[in-house]
Amino acid sequence: RVYKAVLSLLGHNANYQRGGSGSDSNPSPRLIMHLLRHHMPNIARIQPGSEMYHAAMNALGKFGECGLILDMLEEMEHSHELNLQPAAEAEAITTLTTHHAHVPPVDRMAYQTAISSLARHGHCREATQLLYRMQAKGFEQPDMNIYN
């Protein structure tokens, strides 16, 4: 719960740091990714689950970091695909891509968070493509209304 609150607060920090553009001028997106990928699993010994990934994606969306959101979603999709494979085959592949072993599988909420963040920041074509990708993977279409 503490990490989720920290990720959320970092996202709210975006409202106060609109001066710069991208993660080069703002350390918060880098800090979000550091907490999720390094600090939680290696220091705190907590494997971030879907809820943490959703919170991180939401926070990154507030900074307009759509590329990072798409990267995270692809990692989650890859993890989901590994979970669908037979155990022996998935274990062999997981040893080749160790990072994906700790990534939660993609779910509907991850897609919804990514779609709304992309659309909110003017990446409507990518959001629409993501909606189609979500449907192609068998997830129910989200009930979403996005207004700019």
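Residues numbered from 1 in each chain as written. Predicted model: local features only at pLDDT ≥ 70, side-chain atom pairs only at ≥ 80, totals over all residues. Heavy atoms only, no water.

1. Re unusual backbone geometry
Most peptide bonds are trans, and most residues other than glycine sit at a negative phi. Here the phi dihedral of R45 falls at roughly 60 degrees; this positive angle occurs in a residue that is not glycine. Within the secondary structure, R45 sits in the loop between α3 (27-43) and α4 (50-62). (Helix = DSSP H or I, 4+ residues; strand = E, 2+ residues; numbered from the N terminus.)

2. Structural notes on α3
The first and last C-alpha atoms of α3 sit only 20 Å apart over 17 residues, clearly below the 24 Å expected at 1.5 Å per residue. At L35, α3 shows its maximal bend, which comes to roughly 45 degrees. Here α3 has its buried residues at S28, P29, I32, M33, L35, L36, M40 and P41. Of the residues one or two after α3, R45 is the one with positive phi, at around 60 degrees. (Expected span 1.5 Å × (residues − 1). Bend = angle between axes of the 7 residues up to and from the residue. Buried < 20%, exposed > 50% of the residue type's maximum accessible area, 1.4 Å probe, protein only.)

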